[in-house]
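Next come the chains, spelled out residue by residue.
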Protein chains: 2
Amino acid sequence: MTTLELTTPALLVDARALQHNLATMAAALPGARLRPHVKAHKCVALARLQAAQGHRGFTCATIREMEGLAAAGLGDDLLLANEVLDATRLGRLDARVTVAVDSPETIAAAARGGVREVLIDVNVGLPRCGCAPADAGRLADLARRSGLGVRGVMGYEGHVVGLDDRALRVAKTAESMELLRAAHREVGGELVSAGGTGTYDVNTWATEIQAGSYALMDTAYARLGLPFRQALSVLATVISVSAGYAVADCGLKALGMDHGNPAIAGTKVWFCSDEHVTFGTGDEAAIAVEGEAPDAPKDGSALRAGDRIRVWPAHVDPTMAYHERALVVSGPQVVETWPIDLRGW
Amino acid sequence: MTTLELTTPALLVDARALQHNLATMAAALPGARLRPHVKAHKCVALARLQAAQGHRGFTCATIREMEGLAAAGLGDDLLLANEVLDATRLGRLDARVTVAVDSPETIAAAARGGVREVLIDVNVGLPRCGCAPADAGRLADLARRSGLGVRGVMGYEGHVVGLDDRALRVAKTAESMELLRAAHREVGGELVSAGGTGTYDVNTWATEIQAGSYALMDTAYARLGLPFRQALSVLATVISVSAGYAVADCGLKALGMDHGNPAIAGTKVWFCSDEHVTFGTGDEAAIAVEGEAPDAPKDGSALRAGDRIRVWPAHVDPTMAYHERALVVSGPQVVETWPIDLRGW
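As the structure is a prediction and not an experimental result, all values here were calculated from the model.

### Describing the overall build of chain A
Logical step 1: The helix and strand inventory of chain A stands at nine helices and 17 strands.
Logical step 2: Here the C-alpha radius of gyration of chain A, 22 Å, is about what a compact globule of 345 residues would show, namely 20 Å.
Logical step 3: For chain A, the spread of C-alpha atoms along the principal axes amounts to about 70 × 40 × 35 Å.
Logical step 4: Counting all 345 residues of chain A, 60% fall into the buried class.
Logical step 5: Within chain A, residue pairs in contact and separated by at least 24 positions form 60% of the contacts whose partners lie at least 6 positions apart.

Structural data, given as structure tokens:
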């Protein structure tokens, strides 16, 4: 099947770009140096490729993601990098399960739910979860007294990963990791888990990096000049053409919108509606049309209803979460269909 | 079951607010004067309630929505208010099917796909789909020559529905409907289909109004002072508490984010992450906690991990599209579970 036969909107994963990204990351952070974050793709098939690269531990954001990986036989070492107040579903998993804790309540929930191991989640600058660094040791003691194994600390420098200026990313990551290492000295354990795609090569203090977006990428991360390629797009059909603009059938229910509008190469996106993207066709618009020579984009004024184009999401994670499946493509050929099977909670 | 027993995040529909909204709209626009837009909820169970109010025709944005309503026996009069280039799935439906067309290509697709009736979609000011008003008559002729029944015109004043100033909404709607009525004179047919929740009582020119958001509402529409109540919230559990802020487990994968952050009554939302909302607990925050007296909100500093709160989406449509199900609640009691069964394409 080719992309011309797909129902649109359709989520496309470029096989070659994905393979490049997986190999590039595995070379930089081999094996357990990377704990891929599956929240970025919510897809067991993609997690299997990450495991095949040698990364046998995974990071999750939801219990559903943990359950799905365990059921798929990918449960060697699963970290729920998020606090939960009811850990009973985690306690039932046939997997090595570690959960983040940052309070007496979340420690009690882990113990009560039958989870055996935890990381102490430390606030390293992002106002989100995580205890104050000075409280980490005390919480680790409480966890151990509650019968839990404490594997170490976790601290996400989420306020740093998106900074455009690399020197600033380096400096800010160093500050954050200073806090995390101080907490680690109080907590003990073998793991210092941190980082994301934006700091994968900057954060040299963590023992493992929780990057996820690197596999598929998006326009927000593309600005940082990382060596990863955009592998995720949404195939859309042009359904209406007017003077100066056109509309394709890929709207805000097919795209994560929290980082703003998607991109269409060769033109400017005006706005998204539920099932539409309106984009310019005037001036110097030159738009690649599916099934035609990729290096010969169409002049905007030549675009026609029925033409198919690719729309590039600004944020990969919430885009994946809208789709039931992704089609893996090699050029125009659809080579595989992947269920996005870890959605929901 | 009560809301205290639900896995969070959980999408809640307040039964009383919904009933108020449905009854208020049915009184204002009885029977066929309203063609409810199911894109706002994507839920057959809710569409059945709208049909029970006397609205037997529906508006859809996707073919999947059309298929779902037809399969549910709600196919008396289904309008796909959107252009498609492949209408074969529509042609197979056991339902009365009308599709919007705005070009020779979309007319040809309707005829080729076995659809029998169309509306001529006219641009009335929103740069999206719709032909120029002057082209409507010519397209209607082409549709009739192609063997299609032309039921009238459609024109969505989407640039008007969200305007805060009611007088401006009235004036701008009048302008848009002037264009649509001019097109209608050239096209003929019994239908002039237009409008949305923001213009439901302002647009007196259309023969039918395509409102959808009125049933569940959101914080964006709430600003307009309409007589509809917010019926849709996301139940979330507080998972982390720090000095001045707390975090609940309802993030941007559980919320439509294109209209901005959600709201939490009694405090200010700082930002959303994939599975988190960070909000203020300092100053004068007073936050209603689930299972406690609703008129006695907790002081922010008294909030604890494990407390449950309600988060109010800024945009109902893309919020519904993230969830597998909605729980209908009457106070703390869960009275029904509705699958969000019209998601995807």
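Now that the structure has been shown, the text picks up again.
### Here we look at the sheet that holds strand 4 (residues 97–101) of chain B
Residues and elements named next belong to chain B.
Logical step 1: One open sheet accounts for seven strands, arranged 2-3-4-5-6-7-8; its pairing is parallel. Two strands in the sheet have a free side with no partner beyond their single neighbour: strand 2 (57–60) and strand 8 (208–209).
Logical step 2: With three bridges connecting them, strand 3 (residues 77–80) and strand 4 associate as parallel partners. Note on strand 4: the bridge partner recorded for Leu79 is Thr98.
Logical step 3: The sheet strands contacting helix 3 (residues 63–71) are strand 2, strand 3 and strand 4, and the helix crosses strand 3 at an angle near 170°.
Logical step 4: Of the strands in this sheet, strand 5 (117–121) and strand 6 (149–155) touch helix 6 (residues 136–145), which is tilted by about 165° from strand 5.

### Some remarks on the interface of chain B and chain A
Logical step 1: Taken together, the 53 residues of chain B in the interface contact 53 residues of chain A.
Logical step 2: When the two sides are added together, the surface that chain B and chain A hide from each other amounts to roughly 4100 Å², 58% of it contributed by carbon and sulfur.
Logical step 3: Between Lys39 of chain A and Asp274 of chain B there is a salt bridge, with the nearest N and O atoms lying 3.1 Å from each other.
Logical step 4: For the pair chain B and chain A, the number of links is 20 residue pairs in polar contact (both at pLDDT 80 or more).
Logical step 5: Per-element tally for the side of chain B that touches chain A: the top contributor is strand 9 (residues 232–242) of chain B, with five residues.
Logical step 6: Grouping the amino acids of the side of chain B that touches chain A by side-chain chemistry returns 20 nonpolar, 17 polar and 16 charged.

### Focus: the relation of the copies chain B and chain A
Logical step 1: Take chain B, turn it by 180°, move it 0.0 Å along the axis, and it overlays chain A with an RMSD of 0.0 Å. What the superposition gives is, in effect, a two-fold axis relating one chain to the other.

### Looking at the domain arrangement of chain A
Residues and elements named next belong to chain A.
Logical step 1: Considered domain by domain, chain A is made up of domain 1 (3–11 + 229–339) and domain 2 (30–210).
Logical step 2: Here the C-alpha centre of domain 2 lies 35 Å away from the C-alpha centre of domain 1.
Logical step 3: With both sides pooled, the region where domain 1 packs onto domain 2 buries about 580 Å², and carbon together with sulfur makes up 69% of that total.
Logical step 4: Of all residues in domain 1, Asp317, Met320 and Trp338 bury the most surface against domain 2, accounting for 75% of the area lost on that side.
Logical step 5: In this assembly, domain 1 and domain 2 are joined by one salt bridge.
Logical step 6: Salt-bridge contacts for Lys39 lead to Asp317; the nearest nitrogen and oxygen are separated by 3.3 Å.
Logical step 7: Counting residues per element, the ones that place at least two in the side of domain 1 that touches domain 2 are helix 9 (316–320) and strand 17 (333–339).
Logical step 8: Ranked by residue count, the leading element in the side of domain 1 that touches domain 2 is helix 9, at three residues.
Logical step 9: Residue composition of the side of domain 1 that touches domain 2, grouped by class: five nonpolar, no polar and one charged.

### A few points about helix 7 (residues 166–187) of chain B
All names here are of chain B.
Logical step 1: In this model, helix 7 (22 residues) spans 30 Å end to end at C-alpha, consistent with the 32 Å of a helix rising 1.5 Å per residue.
Logical step 2: Listed in full, the buried residues belonging to helix 7 are Arg169, Thr173, Ser176, Met177, Leu180, Ala183, His184 and Val187. Buried residues of helix 7, seen end-on, are gathered within an arc of 110° and therefore sit on one face of the element. Across helix 7 from its buried face, at more than 90 degrees, point the exposed residues Ala167, Glu178, Arg185 and Glu186.
Logical step 3: Measuring from the side-chain oxygen of the N-cap residue of helix 7 to the backbone nitrogen of Ala167 gives 2.9 Å; that N-cap residue is Asp165.
Logical step 4: Gly188 occupies a position one or two residues after helix 7 and carries a positive phi of about 80°.

### Looking at the pairing of strand 3 of chain B
Within a regular strand, the side chains alternate between the two sheet faces.
All names here are of chain B.
Logical step 1: Judged by which residues are buried, strand 3 turns out to be covered on both faces: Asp77 and Leu79 on one side and Leu78 and Leu80 on the other are all buried.
Logical step 2: Note: strand 2 against strand 3, four bridges, orientation parallel. Within strand 3, the position partnered with Phe58 by the bridge is Leu78.
Logical step 3: For the crossover that starts at strand 2, traverses helix 3 and ends in the parallel strand 3, the hand is right-handed.

### Here's the deal with unusual backbone geometry
Logical step 1: Along the chain, Thr8 of chain A connects to Pro9 of chain A via a cis peptide bond; the corresponding omega equals 0°.
Logical step 2: Within the secondary structure, Pro9 of chain A is located in the segment before strand 1 (10–14).
Logical step 3: Not every positive phi belongs to a glycine, and Lys42 of chain A is a case in point at roughly 55°.
Logical step 4: Mapped onto the elements of the fold, Lys42 of chain A is located in the loop between helix 1 (15–28) and helix 2 (44–52).
Logical step 5: For Lys42 of chain A, a relative accessible area of 1% corresponds to the buried category.
Logical step 6: In this structure, Met217 of chain B takes a positive phi of about 65° despite not being glycine.
Logical step 7: Assignment of secondary structure puts Met217 of chain B in the loop between strand 8 and helix 8 (219–222).

### Some thoughts on helix 5 (residues 104–113) of chain B
Logical step 1: Looking only at helix 5 of chain B, the buried set comprises Thr106, Ile107, Ala109, Ala110 and Gly113 of chain B. One side of helix 5 of chain B holds all its buried residues, which, seen down the axis, span an arc of 160°.
Logical step 2: Tucked inside the fold, the buried residues of helix 5 of chain B contact strand 9 (232–242) of chain A together with helix 4 (88–91), strand 4, strand 5 and helix 6 of chain B.
Logical step 3: A positive phi of about 90° marks Gly114 of chain B, the residue just after helix 5 of chain B.

### With respect to the pattern of salt bridges
Residue and element names in this part refer to chain A.
Logical step 1: Counting across every chain of the model gives 38 salt bridges over all chains.
Logical step 2: Here Glu117 and Arg96 are joined by a salt bridge, their closest N and O atoms 2.8 Å apart. A residue pair is termed long-range when its members are at least 10 positions apart, and Glu117 in strand 5 (residues 117–121) and Arg96 in the loop between helix 4 (88–91) and strand 4 (97–101) qualify at 21 residues.
Logical step 3: For Glu117, a relative accessible area of 19% gives the class buried.
Logical step 4: On the basis of relative accessibility, which here comes to 34%, the residue Arg96 falls in the partly exposed class.

### Details of the environment of Ala95 of chain B
Residue and element names in this part refer to chain B.
Logical step 1: By secondary structure assignment, the location of Ala95 is in the loop between helix 4 and strand 4.
Logical step 2: Classification of Ala95 by relative accessible area gives partly exposed; the value is 23%.
Logical step 3: It is 15 Å that separates the C-alpha atoms of Ala95 and Thr62, two residues lying 33 residues apart in sequence.
Logical step 4: The contact partners of Ala95, leaving out residues within four places of it in the chain, are Ala70, Gly75 and Leu78.

### A look at the sheet that holds strand 8 (residues 208–209) of chain A
Residues and elements named next belong to chain A.
Logical step 1: Judged by pairing direction, the sheet is parallel, and its seven strands sit side by side in the order 2-3-4-5-6-7-8 without closing on themselves. Each edge of the sheet is formed by a strand with only one pairing partner; in this case those strands are strand 2 (57–60) and strand 8.
Logical step 2: Pairing analysis gives four bridges linking strand 6 (residues 149–155) to strand 7 (residues 191–194), with the strands arranged parallel. Bridge pairing in strand 7 places Gly152 opposite Leu191.
Logical step 3: Packed onto the sheet, helix 3 (residues 63–71) meets strand 2, strand 3 (77–80) and strand 4 and runs at close to 170° relative to strand 3.

Criteria and cut-off values
- Residues numbered from 1 in each chain as written.
- Chains lettered and ligands numbered in written order.
- Predicted model: local features only at pLDDT ≥ 70, side-chain atom pairs only at ≥ 80, totals over all residues.
- Heavy atoms only, no water.
- Helix = DSSP H or I, 4+ residues; strand = E, 2+ residues; numbered from the N terminus.
- Rg over C-alpha atoms; globule rule 2.2 N^0.38 Å.
- Buried < 20%, exposed > 50% of the residue type's maximum accessible area, 1.4 Å probe, protein only.
- Contact = heavy atoms within 4.5 Å.
- Pairing = 2+ DSSP bridges.
- Axes fitted to C-alpha atoms, helices over the stretch in contact; angles between N-to-C directions.
- Buried area = accessible area lost by both parts, 1.4 Å probe.
- Salt bridge = Lys/Arg side-chain N within 4 Å of Asp/Glu carboxyl O.
- Polar contact = N/O pair within 3.5 Å; in protein donor to acceptor, adjacent residues only side chain to side chain.
- Nonpolar A, V, L, I, M, F, W, Y, C, P; charged D, E, K, R; others polar.
- Least-squares fit on C-alpha atoms with pLDDT ≥ 70 in both.
- Domains from an automatic or database assignment.
- Expected span 1.5 Å × (residues − 1).
- Arc of directions from axis to C-beta.
- Right-handed = clockwise from strand over helix to strand, strands pointing away.

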